[in-house]
Amino acid sequence: MDDPSSDREQSFLRRLTLVTQPALTRIAHGSAPFITTFVLIHLTAPVMANLGGTSLASRVMLLGREYYQTPFGEKYLVLAPLVVHPLSAALKRVLSPKPARRLSSILSITGYTAAISVALHYFTHRIAPTDPSPPIYAVGPSELDYEYVKFALQEWPWRSWLAYVGLTACIAWHAVEGMAVIWKTWLRPHLGGMPGTRKSRTIWALTAGVLPVVTGMFSMWKEPLMVFASHADRFRAAFSRNPLYWY
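The rules behind the values
- Think of each chain on its own: its residues are numbered from 1, step by step along the sequence as written.
- The predicted origin of the model limits local features to residues at a pLDDT of at least 70 and limits the giving and counting of side-chain atom pairs to 80 or more, whereas totals for whole chains, interfaces and linings rest on all residues.
- Based on all heavy atoms of the structure, the side-chain values leave hydrogens and waters out of the count.
- Runs of E in the DSSP output that reach at least two residues are strands. Runs of H or I that reach at least four are helices, and both are numbered from the N terminus.
- Residue exposure (1.4 Å probe, protein chains only): buried if accessible area is under 20% of the type maximum, exposed if over 50%, otherwise partly exposed.
- Between two residues, a contact is recorded if the distance between any of their heavy atoms is within 4.5 Å.
- Accessible areas in this description were obtained via Shrake-Rupley with a 1.4 Å probe; residue shielding takes into account the shown protein chains only.
- Counted charges follow a simple rule, with Lys and Arg positive, Asp and Glu negative, and His plus the chain ends left uncounted.
- Note on charges: their place is set at NZ of Lys, CZ of Arg, CG of Asp or CD of Glu.
- As a rule, the C-alpha atoms of each element are fitted with a line to give its axis, helices using only the stretch in contact, and angles between N-to-C directions run from 0 to 180 degrees.
- Working rule for angles: under 35 degrees goes down as roughly parallel, over 145 as roughly antiparallel, 65 to 115 as roughly perpendicular, anything else as oblique.
- Three classes are used, and their members are as follows: Ala, Val, Leu, Ile, Met, Phe, Trp, Tyr, Cys and Pro are nonpolar, Asp, Glu, Lys and Arg are charged, and the others, Gly among them, are polar.
- Handedness of each helix crossing follows the sense of rotation of the near helix against the far helix: counterclockwise by less than a right angle gives left-handed, clockwise gives right-handed.
- Think of a patch as exposed residues, more than 30% relative accessible area, with no salt bridge, where like charges cluster within 9 Å and nonpolar side chains (Val, Leu, Ile, Met, Phe, Trp, Tyr) cluster within 5 Å.
- Think of a salt bridge as a Lys or Arg side-chain nitrogen and an Asp or Glu carboxyl oxygen that are within 4 Å of each other.

1. Things to note about the overall build of the protein
Reasoning step 1: Summing up its helical and strand segments, the protein has eight helices and zero strands in all.
Reasoning step 2: Sequence-ordered secondary structure for the protein, helices as α and strands as β, is α-α-α-α-α-α-α-α.
Reasoning step 3: Seen along its three principal axes, the alpha-carbon backbone of the protein occupies a region of about 80 × 45 × 35 Å.
Reasoning step 4: Expressed as a percentage of its 247 residues, the buried residues of the protein come to 36%.
Reasoning step 5: The long-range share in the protein, meaning contacts at least 24 apart out of those at least 6 apart in sequence, stands at 76%.
Reasoning step 6: If you sum the accessible surface of the protein, you get close to 14,600 Å²; carbon and sulfur atoms cover 70% of it.
Reasoning step 7: Across the protein, 24 positive and 14 negative side-chain charges occur, with their mean positions spaced 10 Å apart.

2. Quick word on the side chain of histidine 29
Reasoning step 1: In this structure, histidine 29 sits in helix 1 (residues 4-68).
Reasoning step 2: A relative accessible area of 15% means that histidine 29 is categorised as buried.
Reasoning step 3: Ignoring anything within four residues of it in the chain, the contact list for histidine 29 reads Val181, Ile182, Thr185 and Trp186.

3. Remarks on the environment of valine 165
Reasoning step 1: Take valine 165: it is sitting in helix 5 (residues 157-191).
Reasoning step 2: Residue classification places valine 165 among the partly exposed positions, given a relative accessible area of 23%.
Reasoning step 3: As for valine 165 and leucine 63, which are separated by 102 residues in sequence, their C-alpha atoms are 23 Å apart.
Reasoning step 4: Once you skip the residues sitting within four places of it in the chain, valine 165 turns out to touch Val210, Val214 and Met217.

4. Section: the environment of phenylalanine 72
Reasoning step 1: Its place among the elements puts phenylalanine 72 in helix 2 (residues 71-95).
Reasoning step 2: With 111 residues separating them in the primary sequence, phenylalanine 72 and tryptophan 183 have C-alpha atoms 29 Å apart.

5. Topic: the packing of helix 4 (residues 146-155) against helix 7 (residues 211-221)
Reasoning step 1: In the contact formed by helix 4 and helix 7, the axes pass within 9 Å of each other and the chain directions differ by 85°. Looking at the two axes, helix 4 sits roughly perpendicular to helix 7. Residues Tyr146, Lys150, Leu153 and Gln154 of helix 4 touch helix 7, and the partners they reach there are Met217, Met220 and Trp221.
Reasoning step 2: Counted by class, the contact of helix 4 with helix 7 contains five nonpolar, one polar and one charged residues.

6. Structural notes on unusual backbone geometry
Reasoning step 1: For the bond from proline 134 to proline 135, the omega torsion is 5°, close enough to zero to count as cis.
Reasoning step 2: Tracing the chain through its elements places proline 135 in the loop between helix 3 (106-127) and helix 4.
Reasoning step 3: Of note, tyrosine 137 is a non-glycine position whose phi angle comes to about 55°, a positive value.
Reasoning step 4: If you trace the backbone, tyrosine 137 turns up in the loop between helix 3 and helix 4.
Reasoning step 5: Phi at alanine 138 takes a positive value of approximately 50°, unusual for a residue other than glycine.
Reasoning step 6: Note on alanine 138: relative accessible area 30%, which makes it partly exposed.

7. A closer look at the packing of helix 5 against helix 6 (residues 198-209)
Reasoning step 1: It is at 9 Å that the axes of helix 5 and helix 6 come closest, and there the two elements cross at 145°. When you trace helix 5 past helix 6, the crossing you get is right-handed. Contact with helix 5, carried on its side by Thr168, Ala169, Ala172, Trp173, Val176, Glu177 and Ala180, involves Arg198, Arg201, Thr202, Ala205, Leu206 and Gly209 of helix 6 and no other residues of that element.
Reasoning step 2: Of the residues in the contact of helix 5 with helix 6, the class split is seven nonpolar, three polar and three charged.

8. Observations concerning a nonpolar patch on the surface
Reasoning step 1: Taken together, the side chains of Val83, Leu87, Leu91, Val94 and Leu95 present a nonpolar region at the surface, about 440 Å² in accessible area.
Reasoning step 2: Positionally, leucine 95 belongs in helix 2.
Reasoning step 3: The exposure class assigned to leucine 95 is partly exposed, which follows from its relative accessible area of 30%.

9. A closer look at the pattern of salt bridges
Reasoning step 1: Summed over all chains, the structure comprises eight salt bridges.
Reasoning step 2: Residues glutamate 177 and arginine 198 are paired through a salt bridge, measuring 3.0 Å at the closest nitrogen-oxygen approach. Of this pair, glutamate 177 sits in helix 5 while arginine 198 sits in helix 6, and the two are 21 residues apart along the sequence.
Reasoning step 3: Look at glutamate 177 and you get buried, because its relative accessible area is 11%.

Written out as structure tokens, the structure reads:
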């Protein structure tokens, strides 16, 4: 004999799935363009280091801050999408009786890895330097330019290169995988199949999205560090708030 309470529970789960899955899909897909815009603006600075070194990268970064570090922009155009995107994807997986893809898929692995890495990157480059207590003494925005990144590359070369390049590659790979899903969901009925093969799109994303950043970082890394010793001590203290730089 069937258990009425079990039937009611299954019926509730089916209704919950029907209601939440489309909404969470729209939230996850809708937040992606905001993240893409921020990433493109943010990574333009290290790319420009190929042309003008750390000085040009810092100037371009200051221009980019007009978009992503204003009181409105940082909260609603950057942080909100960065939180909503992985959270909606995770909820969609938890609430779905049969997830659309395995947790071991490239999209999932790069997505969750990027989410954790971005959180650590934000803490290291945005939160930790603003600590007013000694020895950091709240590194101001005018002092927090690409000399800060160069300091990490020279002080902890292997860890910093792995962190920066790994984060960039992870985001680029996730972006190209995610774009294929968004295209299939929203654009395919109107524009047909997405151009190129999966392999060609991945190669293009890693070449166009990661390689210029790597070469720009290399241009900065080989320059001499242009900060006072006191600033270097404050930079070191800020980076040391991240366990990656504890020793």
